[in-house]
Amino acid sequence: MTIALRYAAHSDVGCLREGNEDSAYAGPHLLAVADGMGGYAGGEIASAIAISALRPLDEDVPHAEDVSTSLQQAVEQANSTLTQRVKDEPWLENMGTTLTALLWTGSRMVMIHIGDSRAYLLRDGEFSQITHDHTLVQTLVDEGKITEEEVATHPQRSLLLRALDGRSEVDPDISVSEAKVGDRFLLCSDGLSGVVSESTINETLATETNVEATARRLIDLANRGGGPDNITAVVADIVDTTNGPPPEHEAAIAGAADQRDEPAMTPDTPAGRAQGLNRSSGDTAEMQRMPSGDPPEESKGSAQPRTRRWWPMVVTFLAAAVVLASTGYYFGTRYLDSQYFIGPSENGENVAVHQGIDSDIAGYSLSEQVEDTGVPLDMLPENERKSVDGTIPADSEENASERVKELRAKAEECERDPESCGQDGQNADRSEPSADGGEQSPADEHKPRSLPDSAGGRQ
Ligand code: MG
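Residues numbered from 1 in each chain as written. Predicted model: local features only at pLDDT ≥ 70, side-chain atom pairs only at ≥ 80, totals over all residues. Heavy atoms only, no water.

**Overview of the confidence of the model for the protein**
Point 1. With 76% of its residues at a pLDDT of at least 70, the protein reaches an overall mean of 80.
Point 2. Considering only residues more than four positions removed or in separate chains, one finds that residues 269-311, a stretch of pLDDT under 50, has 71 contacts.
Point 3. In the model, residues 455-459 has pLDDT below 50 throughout and makes 14 contacts with residues more than four positions away in sequence or in other chains. (pLDDT = per-residue confidence, 0-100. Contact = heavy atoms within 4.5 Å.)

**Thoughts on helix α7 (residues 211-224)**
Point 1. With 14 residues, α7 extends 20 Å from end C-alpha to end C-alpha; this agrees with the ideal 20 Å at 1.5 Å per step.
Point 2. Inspection of α7 places Val211, Thr214, Ala215, Leu218, Ile219, Leu221, Ala222 and Asn223 among the buried residues, and these make up the whole buried set.
Point 3. Check the buried side of α7 and you find it contacts β1 (3-12), β10 (184-188), α5 (190-193), α6 (198-207) and β11 (231-240).
Point 4. Capping the start of α7, Asn210 holds a side-chain oxygen 2.7 Å from the backbone nitrogen of Glu212, two or three residues further along.
Point 5. In the segment just after α7, Gly226 is the residue with positive phi, at about 115°. (Helix = DSSP H or I, 4+ residues; strand = E, 2+ residues; numbered from the N terminus. Expected span 1.5 Å × (residues − 1). Buried < 20%, exposed > 50% of the residue type's maximum accessible area, 1.4 Å probe, protein only. Polar contact = N/O pair within 3.5 Å; in protein donor to acceptor, adjacent residues only side chain to side chain.)

**Points about the environment of Thr242**
Point 1. With respect to the helices and strands, the residue Thr242 is situated in the loop between β11 and β12 (252-255).
Point 2. Taking relative accessible area as the criterion, Thr242 reaches 44% and is therefore assigned partly exposed.
Point 3. On a C-alpha basis, the gap between Thr242 and Thr2 in space is 5.1 Å, while along the polypeptide they are 240 residues apart.
Point 4. Within polar-contact distance, the side chain of Thr242 engages the backbone nitrogen of Thr2 at 3.0 Å.
Point 5. Within polar-contact distance, the side chain of Thr242 engages the side chain of Asp240 at 2.6 Å.

**A look at the coordination of the magnesium ion**
Put simply, a metal with four donors set out as a tetrahedron has ideal angles of 109.5 degrees, and one with six donors set out as an octahedron has ideal angles of 90 or 180 degrees.
Point 1. At the metal site, the magnesium ion is ligated by Asp35 (OD), Asp190 (OD) and Asp229 (OD), and these contacts range over 2.1 to 2.2 Å.
Point 2. Within one chain, the residues donating to the magnesium ion are spaced in sequence as D-x154-D-x38-D. Within this pair, whereas Asp35 is found in strand β3 (residues 30-37), its partner Asp190 is found in helix α5, the two being separated by 155 residues in sequence.
Point 3. A relative accessible area of 23% means that Asp190 is categorised as partly exposed. (Donors = N, O, S within 2.8 Å, 3.2 Å for Na, K, Ca; no water.)

**Here's the deal with unusual backbone geometry**
Keep in mind that most residues, glycine aside, have a negative phi and that most peptide bonds are trans.
Point 1. Although it is not a glycine, Asp124 sits at a positive phi angle of roughly 50°.
Point 2. With respect to the helices and strands, Asp124 occurs in the loop between β7 (118-123) and β8 (126-129).
Point 3. Its identity is not glycine, yet Thr391 carries a phi of approximately 70°, on the positive side.
Point 4. Within the secondary structure, Thr391 sits in the loop between α11 (382-389) and β16 (392-394).
Point 5. Among the residues examined, Thr391 registers a relative accessible area of 22% and is labelled partly exposed.

**Let's talk about the pattern of salt bridges**
Point 1. According to the stated counting rule, one finds 19 salt bridges in the structure shown.
Point 2. Arg118 is paired through a salt bridge with Asp133; the nearest N and O atoms lie 2.6 Å apart. You can see Arg118 sitting in strand β7 and its partner Asp133 sitting in the loop between β8 and α3 (136-142), a full 15 residues away along the chain. Of the two residues, Arg118 and Asp133, both sit in the buried class.
Point 3. When the shortest N-O distance is used, the salt bridge between Glu384 and Arg403 registers 3.3 Å. Taken together, the residues Glu384 in helix α11 and Arg403 in helix α12 (residues 397-416) connect sequence positions 19 residues apart.
Point 4. A relative accessible area of 6% places Glu384 in the buried class.
Point 5. Shared partners join several salt bridges into a network, and the residues in it are Glu384, Arg403, Glu406 and Lys410. (Salt bridge = Lys/Arg side-chain N within 4 Å of Asp/Glu carboxyl O.)

**Digging into the pairing of β7**
Point 1. Burial runs high along β7: five of the six residues are buried.
Point 2. As judged from the five bridges shared by β7 and β10, these two strands associate in the antiparallel manner. Note that in β10 the partner of Tyr120 across the bridge is Leu186.
Point 3. Strand direction decides the pairing type here: β7 and β8, joined by four bridges, are antiparallel. Bridge pairing in β8 places Arg123 opposite Glu126.
Point 4. Counting the residues between successive antiparallel strands, the hairpin from β7 to β8 contains two residues, one of them, Asp124, with a positive phi of roughly 50°. (Pairing = 2+ DSSP bridges.)

Next up, the structure:
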C-alpha cells in the first residue's frame, strides 16, 4: 500500500490584530505551523524563519532512520538564525515562535513540537490532541492546581514555558508514530484552539470531507468567535494511492511565511552563503539586513508587509452611516410631526392647517395639509390674507386651531361689514365660474358670500 497526503493550509489575521505573525506550510511530506511573537515585525520574522528552516525536508526527505535527527537539526538551525538576527537587529530581541511540525517517510511519521500550537488526530472516529502545550497553565493543570475549565480565564494563560527564541537551547518534544489511511490531522495556532471548543473542532473535522473546506470552516468559526488572535489551520488526510495517482498539488504556504521569504540560515555560514546565492537568483522578497541600533523608522510601521482586513472598516463605516441616517430620519420626522403652520389650502382658496414646515428637499415637501378650514382667503382683511399667504407658524395643533378661530372671527366680521375690512368692491374684479360653468353675473359678484360651518375638512 502506498500512502500520500491530501492537505490544505490557511491562515487569517483574525478580527483584532493588524498583522499576521502566524506561518504555515503543507506539502507532500511536511505539515507545519508556527505562531510568532515579538515587537515590530519580530513575530512575523520568527515564524517565517522556522518554516523556512523546515521546508527543505519536504523536498529532500531524509531516510526513515534520520528523520528525527534531521527535524531536530532543522529546528536548531532555525534557533541559530534567530540568535544571529537578534545580534544584527537588536530591536528584535523579544521575537520568538512556537513550532509544531509533522514529517512523513512512507507511513512513518515524526512530530516535533515546541510551544502551544497544537496537533490533533481524528482516527477511526476518535479525536485526540497529540501535542502537549508548553505553557504555565498546562503545567498547573498537570499538577492538579487548576482545572481545564480554569485555563480559559487564567491571567497567565498565554505564558509559554518553551519556545523557539534564539536565546536558549532548543528543547522540543519529538515523537515517532505510524500513520494510517483515513487519518485526518489538524495543526493549528492558539488563535483557533483558544477560541473554538474541542468538540466543535472534532465535529468539523468529522463532518467536512474536503480538506480545503475544513481549514476554511475552522478559521471562519474562530473569526465568528471574535478572532482575537491570528488563526492558522493546516488540515491533512492520509490517503491510499495504490490504485491511483497521488494527489498532485503544490505546497501550500500561508501567513507570514507567505508574505516574507526569510533565510533559514545565517549568511555568515557556508550553508547560509550557498542559500543566499540560490535565493538571489529567484523571485524573493528578502528583508534588508539593518545595522545594529534602533530599528529604522520604516521597520516600525508601514514598511512591514501586513495583511490588513479592510472589510471590518468598511462594515463599521456603513453601519455608522446607517445609524446616523436612521437617527437623523427618526429625529427629523419627530420634529416635523411636532410642527404646524397656517397657510393657503391645496386649492389656494381657503385657509388651511398644515403639519410640518413650509419647505421642501429636492422636490419632496416637508409638510402635509391636515385641515381645510373652509374660511375663504378672500374674505379675510388684506393684512391677514397676506399673513396666511406667507404662512403663520404654530408650535402645536391646538395653537393652530386657536389661530384659525381668530381668522374665522375676522372673516365673519368682514362678512357682516365688508367696508370695515376694506373689501368693498374688492372682490368685484374676481370672475369666478358660475354653477353652469359660465362667468358670474355682475349681480352675483356683489352678492355677499357666506362662511361655511366652522368644522373644516380634516384630511
Ligand atoms: Mg497566537
